[in-house]
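# Analysis of the macromolecular model
Now for the letters of each chain:
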Amino acid sequence: GMVTLNYNGKLLAIATNYTLTASPGHKWLFCNWVASGSENFVSNNRVLHFSMQPNLVIKANFVTNLFLAAQGAYHGLFAPEDPPRQQTNSGSFAINVTSSGVVSGNLFLGSETIPLANGQFDLGGSATVHSAWHGGNPLTTLLTLDLADRSVHGTVGDNSFTATLHGDQSVFNSAHRAINYQGHYTLIIAGTNDPANGPFSASYGTVTVDASGNITFGGSLADGTTAVSQSSVVSKDGYWWFYVPLYGGAGSLWGTNYFTNHTISSVPCISW
């Protein structure tokens, strides 16, 4: 990176105010400013305003841009680990991470689409995003990138619930084909023995996975109330994060499916 204005080696007047701006080079990120060679933290703002002091030495630190590998789309699910899953505390998400670590996207919770905006991952790969929620208190979403696993995890919640979040980076495209998962599938969603948890009879649907890993699902519910559909993507390991809100947010299809050997496992159950 580089620093402007470049006061390096110049005589500066004591007690006079100056400004420095740090600009990272290609594939690098600005980290922080340190002072007097002690590595004490001064500021993590790229623009530094300071007053010159005797023997003051200021240094800008730059680090490799970790977001070049993390940039892209992520899809996944969230739900509480301990309390029963309900329509007001579970759903799915779709986010995008830029090459500078900016995160944006949506939470899908019941019948609501809740924007995730103005998020910024720090150099440790963590971000906190606050969102307004018409169904309750403002939501706080905590996200952490796992660069080795090409995934994201964290929590979603307010003062009434905390849900665990997990999803994967979308890796397939026309150049990197989803050849192990591409194809056409027919599935059955089993009924339940408890009418409070879903219909008695089986529901069904069809699934198509194209060469770029895009999933298209269409089906019919056993209660005959509605046709259902979803568009999603298959993860690098063959996971399909499945969430379809039903009955105006009073019910949902929710679950983690898995493509293996040209079959679909762990098809979700309907709940309301």
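Our subject is the structure listed above.
So, here's what we can say about the structure. (Residues numbered from 1 in each chain as written. Predicted model: local features only at pLDDT ≥ 70, side-chain atom pairs only at ≥ 80, totals over all residues. Heavy atoms only, no water.)

Whether parallel or antiparallel, the strands of a sheet pair through hydrogen bonds between backbone atoms. With antiparallel pairing, four strands are arranged side by side in an open sheet as S15-S16-S17-S18. The open sheet has two free edges, formed respectively by strand S15 (183-189) and strand S18 (227-233), since each of these has just one partner strand. Averaged over all neighbouring strand pairs, the angle between strand axes comes to 15°, with direction disregarded. (Pairing = 2+ DSSP bridges. Helix = DSSP H or I, 4+ residues; strand = E, 2+ residues; numbered from the N terminus. Axes fitted to C-alpha atoms, helices over the stretch in contact; angles between N-to-C directions.)

What follows is about the pattern of salt bridges. Taken as a whole, this structure holds three salt bridges when the rule is applied. For Lys236, the salt bridge goes to Asp168, with nearest N and O atoms at 3.3 Å. Residue Lys236 is located in the loop between S18 and strand S19 (239-246), and its partner Asp168 is located in strand S14 (residues 162-169); the two are separated by 68 residues in the primary sequence. Given the relative accessible area of 21%, Lys236 is considered partly exposed. Residue Asp168 is classed as buried on the basis of its relative accessible area, which comes to 4%. Taking the shortest distance from any N to any O, the salt bridge between Asp237 and Lys236 comes out at 3.3 Å. Judged by relative accessible area, Asp237 falls into the partly exposed class, the value being 34%. The structure contains a network of salt bridges with shared partners spanning Asp149, Asp168, Lys236 and Asp237. (Salt bridge = Lys/Arg side-chain N within 4 Å of Asp/Glu carboxyl O. Buried < 20%, exposed > 50% of the residue type's maximum accessible area, 1.4 Å probe, protein only.)

Relative to the elements of secondary structure, Asp149 occurs in the loop between strand S12 (139-146) and strand S13 (151-157). Residue class for Asp149 comes out partly exposed when judged on its relative accessible area of 30%. Distance in space between the C-alpha atoms of Asp149 and Ser100 is 19 Å, their sequence separation being 49 residues.

With that settled, the discussion passes to the environment of Tyr243. Inspection of the secondary structure assignment puts Tyr243 in strand S19. Sequence-wise, Tyr243 and Gly1 are 242 residues apart; in three dimensions their C-alpha atoms are separated by 44 Å. Beyond its immediate chain neighbours, meaning those up to four positions away, Tyr243 contacts Leu77, Ser90, Gly91, Ser92, Phe108, Leu109, Gly110, Gln230, Ser252, Leu253 and Trp254. For Tyr243, the side chain forms a polar contact with the main-chain nitrogen of Gly110, separated by 2.9 Å. (Contact = heavy atoms within 4.5 Å. Polar contact = N/O pair within 3.5 Å; in protein donor to acceptor, adjacent residues only side chain to side chain.)

Without other data, these values stay purely geometric and don't point to any function.
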